[in-house]
Amino acid sequence: MRTEKAKMLAGELYDPRDVELQRERRLARLLIKAFNDSCDDQWRERKRLLLELFDTMGKGTFIEPPFYCDYGGNISLGERVFFNFNCVILDVAQVTIGNHVLFGPGVQVYTATHPLDAEQRRSGLEAAKPITIGDDVWIGGGAILSPGVTIGARSVIGAGSVVTKDIPADVFAGGNPCRVIRSLESGESH
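Conventions adopted
- Residues numbered from 1 in each chain as written.
- Predicted model: local features only at pLDDT ≥ 70, side-chain atom pairs only at ≥ 80, totals over all residues.
- Heavy atoms only, no water.
- Phe/Tyr/Trp six-rings, centres within 6.5 Å; stacked < 30°, edge-to-face > 60°.
- Helix = DSSP H or I, 4+ residues; strand = E, 2+ residues; numbered from the N terminus.
- Buried < 20%, exposed > 50% of the residue type's maximum accessible area, 1.4 Å probe, protein only.
- Pairing = 2+ DSSP bridges.
- Expected span 1.5 Å × (residues − 1).
- Arc of directions from axis to C-beta.
- Axes fitted to C-alpha atoms, helices over the stretch in contact; angles between N-to-C directions.
- Parallel < 35°, antiparallel > 145°, perpendicular 65-115°, else oblique.
- Left-handed = near helix turned anticlockwise from the far one by under 90°.
- Contact = heavy atoms within 4.5 Å.
- Nonpolar A, V, L, I, M, F, W, Y, C, P; charged D, E, K, R; others polar.
- Disulfide = S-S within 2.5 Å.
- Core = buried A, V, L, I, M, F, W, Y, C linked by side-chain atoms within 4.5 Å.

> Explain the packing of aromatic side chains to me, please; I cannot follow it from the model alone.
Centre distance and the angle of the planes are the two values used to describe a pair of aromatic rings. Enumeration according to the criterion identifies 4 aromatic pairs in this entry. A ring pair is formed by F67 and F83, whose centres lie 5.4 Å apart and whose planes are at 65 degrees; its orientation type is edge-to-face. Of this pair, F67 sits in strand β3 (residues 67-69) while F83 is found in strand β5 (residues 82-83), placing the two residues 16 residues apart along the sequence. In terms of burial, F67 and F83 fall into one category: buried. In textbook terms, an aromatic cluster arises when at least three aromatic residues are bridged by ring pairs, as seen for F54, F67, F83 and F103.

Given below as structure tokens:
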């Protein structure tokens with residue numbers, strides 16, 4: 001019989017009340033609390049906590065507290081990733097973030113989802129879909145990434161956007177729901 005964690009990572013319906021999953025979330029919350037309570041001059045301790053929390057974390061990654069996630073172990077960060085204040089990642093499924101990715105304040109990354117059928121939802125089971133963010137992406141403040149989306153390399157997501165579908169590489173996209181607004185030229189600045 002498959003564990004609830006195996007079901008969760010496979011994108012199947014699983015029970016989040018499972019003891020193993022509760023234990024892993026509790027450990028993540030302890031690490032996050034220590035990170036969020038740390039001072040700016042405790043950068044070595046912050047790095048140690050984040051290395052323990054995340055699956056992988058590339059060189060030069062910087063996260064402004066407060067930061068929140070479910071497990072941490074389902075998050076892979078490339079090099080020189082920056083999270084501004086108050087970002088949240090619900091990493092029930094894998095979240096893969098490329099190199100040189102910037103997150104504005106208050107960005108929300110949601111892999112978790114629930115059944116659309118009310119009776120099935122009442123059972124307490126949930127599921128998840130992985131999220132992938134390519135290299136050199138900038139996600140504006142307050143943006144929300146929905147379960148299962150991919151954002152292509154070098155794209156920019158406008159502040160406050162709600163990304164419900166994949167966004168290709170090399171575009172500026174924005175709105176609710178988020179849509180491609182225009183292509184980006186190589187070397188273009190703001």
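From this point on, the discussion continues.
> Any chance you could explain the sheet that holds strand β2 (residues 62-63) here in plain terms?
Hydrogen bonds along the backbone pair up the strands of a sheet, which may run parallel or antiparallel. Here 7 strands make up an open sheet; going across it, the order is β2-β5-β8-β13-β16-β18-β19 and the pairing mixed. On the outer flanks of this sheet lie β2 and β19 (179-183), each paired with one strand and no other. As paired elements, strand β16 (residues 156-157) and strand β18 (residues 171-174) share 2 bridges and run parallel to each other. Directly across from I157, in β18, lies its bridge partner A173.

> Honestly, helix α2 (residues 19-37) in this entry has me stumped. Any pointers?
Residues that lie three or four places apart on an α-helix share one face, since the helix turns once every 3.6 residues. Taking 1.5 Å per residue as the helical rise, α2 with its 19 residues ought to reach 27 Å, and the 27 Å between its terminal C-alpha atoms agrees with that figure. Among the residues of α2, L21, R25, A28, L31, I32, F35 and N36 are the ones counted as buried. Down the axis of α2, the buried set is contained in an arc of 135 degrees. They therefore lie on one face. Exposed residues on α2 whose side chains face more than 90 degrees from its buried face are V19, L30, K33 and D37.

> I tried to follow the packing of α2 against helix α3 (residues 43-53) on my own but got confused; where do I start?
Packed helix pairs are characterised by how far apart their axes lie and by the angle those axes make with each other. Here α2 crosses α3 at 160 degrees, and the two axes come no closer than 9 Å. It follows from the interaxial angle that α2 and α3 lie roughly antiparallel. Here α2 runs over α3; the crossing is left-handed. Residue-level inspection shows A28, L31, I32, A34 and F35 of α2 in contact with α3, the latter providing R46, L49, L50, E52 and L53. For the contact of α2 with α3, the residue count by class is 8 nonpolar, no polar and 2 charged.

> Any chance you could explain the state of the cysteines here in plain terms?
Disulfides are covalent bonds that link the sulfur atoms of two cysteine residues. Inspection of the entire model under this criterion finds 0 disulfides. For the unlinked cysteine C69, the closest cysteine sulfur is that of C87, found at 12 Å. Assessed through its relative accessible area of 5%, C69 is described here as buried.

> When you look at the sheet that holds strand β4 (residues 75-77) in this model, what are you seeing that I'm missing?
One open sheet holds the 5 strands; their spatial order is β1-β4-β7-β12-β15, and the pairing between them is parallel. Bordering the open sheet on either side are β1 (56-57) and β15 (150-151), each of which pairs with just one other strand. Where β4 meets strand β7 (residues 95-97), 3 bridges bridge the pair, whose relative direction is parallel. Its bridge partner lying in β7, L77 is registered against I97.

> Looking at this structure, how should I read the nonpolar core?
By size, the foremost hydrophobic cluster in this structure holds 38 residues, and its most contacted members are F67, F83, I97, F103 and I139. Of all the elements, α2 adds the most residues to this core, at 4 residues. Excluding its chain neighbours within four sequence positions, the residues that come into contact with F83 are F62, I63, E64, F67, L77, I89, I97 and F103. Grouped together as the second largest cluster of nonpolar side chains are 8 residues, Y14, V92, A112 and A128 included.

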